[in-house]
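An overview of the molecular structure
Each chain, written out:
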Amino acid sequence: MRLTDEQLKQFDDDGYLFFPGAFSPGEAAYLKRQADTVYAMDRKEVWRESSGVARTAFAAHLYNEGFRRLGAHPRLIGPVEQIIGGPLYMHQYKVNAKAAFDGEVWQWHQDYGTWKRDDEMPEPRAMNIAVFLDDVTAANGPLLFIPGSHKLGVVDAGHDLETTSYPLWTLGRDKVTELAERGGCVAPTGAAGSVLMFSSLLVHASPPNISPFGRVIVYLSLCHVDNHIRAFNREEWIAHRDFTPIVPLADDCLEELAAARETAAE
Ligand code: SIN
Ligand code: MN
């Protein structure tokens, strides 16, 4: 998938791009089953909400074959390489649940704000690319973006160690209001299999999910290999230390796996 000039301009203006149906319903359903398997594991990488339901499975590409393949999928690596302009390594990998009824808030933040302050990533030459494994709707805790906020560099933030189970550098209400009065606030929604690429400087959040519908999204945080983190303050399965360039796999790498598992189950 090669981004057009129009898409590149849109990314530059807004800080994100949305690709509906980038993965087929079968690929998304296969990965959703893998998410359920991972969430059922008793592992240190699987973090839970106060109710006990899964919130995030970190580094799932290192212990699940489907997520390993997704982490090197050409439909994700290609466009990010095109914008970042060179080989990429995986800085962080999350399978975020936002469970029905119990999925809690992600406060307003910029991912690069945390990567710079906690991990000493030199520059924002890094990108998030997200794959919806459920339909994401207005009801089930979608991502909220402030378009254009990626143009402002790293904005002031405080270290939030209390409101959720995951420490994050979060923005104050006055700053969020100021930014949203300029750029607005949007919630890109779409069917399972859709992909959302967004700048590591884009200000974003997501509300709690009190709907009866779960909302699993996988996030690859990809960084140019030359821009690797300099400080190892966080667990290596949260901020990875393997800076090996990702070599994209074949486009049908997930279909092949899903088909093999179905045959084995017959
Ligand atoms: C994030 O901002 O890193 C996660 C937000 C979400 O999954 O809702
Ligand atoms: Mn984030």
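As a reminder, the structure under discussion sits directly above these lines.
What you see is a predicted model, and the numbers here were worked out from it, not measured in a lab.

So, about the pattern of salt bridges. Overall, the coordinates contain 14 salt bridges when judged by the stated rule. The salt bridge partner of Lys32 is Asp134, with a shortest N-O separation of 3.0 Å. You can see Lys32 sitting in helix 2 (residues 25–39) and its partner Asp134 sitting in the loop between strand 6 (126–132) and strand 7 (144–145), a full 102 residues away along the chain. A salt bridge links Glu256 to Arg69, with the shortest nitrogen-to-oxygen separation between them at 3.0 Å.

Time to look at the environment of Asp134. Judged by relative accessible area, Asp134 falls into the buried class, the value being 13%. As a C-alpha pair, Asp134 and Leu31 span 103 residues in sequence and 9.9 Å in three-dimensional space. Asp134 has contacts with Lys32, Gly190, Ala191, Ala192, Gly214, Arg215 and Val216, leaving out every residue within four places of it along the chain. Separated by 3.0 Å, the side chains of Asp134 and Lys32 make a polar contact.

Within this structure, the stated rule accounts for ten aromatic pairs. Aromatic side chains Tyr16 and Phe145 sit 5.0 Å apart centroid to centroid with 55° between the ring planes, which places their arrangement in the tilted category. Placement of the pair is Tyr16 in strand 1 (residues 16–19) and Phe145 in strand 7, with a sequence separation of 129 residues. Seen in terms of ring centroids, Phe198 and Tyr219 are 6.4 Å apart; in terms of plane orientation they differ by 90°. Their pairing is edge-to-face. In this pair, Phe198 is assigned in strand 10 (residues 195–199) and Tyr219 in strand 12 (residues 217–224), connecting sequence segments 21 residues apart. Per residue, the accessibility class of Phe198 equals that of Tyr219, and both read buried. Of the aromatic side chains, those joined through ring pairs into one cluster are Tyr16, Phe145, Phe198 and Tyr219. It is Arg55 that lies over the ring of Trp106; its NZ or CZ is 4.2 Å from the centre. The ring of Tyr219 carries the charged tip of Lys94 above its face, separated from the ring centre by 5.1 Å.

Let us look at unusual backbone geometry. Most of the time, phi is negative for any residue but glycine, and the peptide bond is trans. The residue Phe101 is not glycine, and still its phi comes out positive at about 70°. The residue Phe101 is located in the loop between strand 4 (88–96) and strand 5 (106–109) in this model. According to the relative accessible area criterion, Phe101 is exposed, its value standing at 55%. Residues other than glycine seldom take positive phi values, yet Glu120 does so here, at roughly 55°. Judged by its relative accessible area of 44%, Glu120 is partly exposed.

Taking strand neighbours across the sheet as the criterion, the seven strands line up as 1-10-6-12-4-3-2 in an open arrangement whose pairing is antiparallel. Edge positions in the sheet fall to strand 1 and strand 2 (46–48), since each of these pairs with one other strand and no more. Strand-to-strand twist of the sheet, defined as the mean angle between neighbouring strand axes without regard to direction, takes the value 20°. Bridge analysis of strand 6 against strand 10 gives five bridges, and the strand direction is antiparallel. Looking across to strand 10, one finds that Met127 is bridged to Ser199.

Every residue lining ligand 1 is accounted for by Lys94, Asn96, Lys98, Trp106, His109, Leu143, His204, Ser206, Arg215 and Tyr219. Between ligand 1 and the protein, one listed contact pairs an oxygen atom with a side-chain N or O atom of Asn96 at 2.9 Å. Between ligand 1 and His204 there is a distance of 3.0 Å, counted from an oxygen atom to a side-chain nitrogen or oxygen. In isolation ligand 1 offers 260 Å² of accessible surface; the protein chains occlude 99% of this area.

Moving on, we come to the pairing of strand 6. With seven of its seven residues buried, strand 6 lies for the most part within the structure. Of the two faces of strand 6, the one holding Ala126, Asn128, Ala130 and Phe132 and the one holding Met127, Ile129 and Val131 are both buried throughout. Judged from the seven bridges that link them, strand 6 and strand 12 form a sheet pairing that is antiparallel. Counterpart to Ala126 in the pairing with strand 12 is Cys223.

Rules used in this analysis
- Residues numbered from 1 in each chain as written.
- Chains lettered and ligands numbered in written order.
- Predicted model: local features only at pLDDT ≥ 70, side-chain atom pairs only at ≥ 80, totals over all residues.
- Heavy atoms only, no water.
- Salt bridge = Lys/Arg side-chain N within 4 Å of Asp/Glu carboxyl O.
- Helix = DSSP H or I, 4+ residues; strand = E, 2+ residues; numbered from the N terminus.
- Buried < 20%, exposed > 50% of the residue type's maximum accessible area, 1.4 Å probe, protein only.
- Contact = heavy atoms within 4.5 Å.
- Polar contact = N/O pair within 3.5 Å; in protein donor to acceptor, adjacent residues only side chain to side chain.
- Phe/Tyr/Trp six-rings, centres within 6.5 Å; stacked < 30°, edge-to-face > 60°.
- Lys NZ or Arg CZ within 6 Å of the ring centre and 35° of its normal.
- Pairing = 2+ DSSP bridges.
- Axes fitted to C-alpha atoms, helices over the stretch in contact; angles between N-to-C directions.
- Near = heavy atom within 4 Å.
- Areas by Shrake-Rupley, 256 points an atom, 1.4 Å probe, with all protein chains shown as cover.

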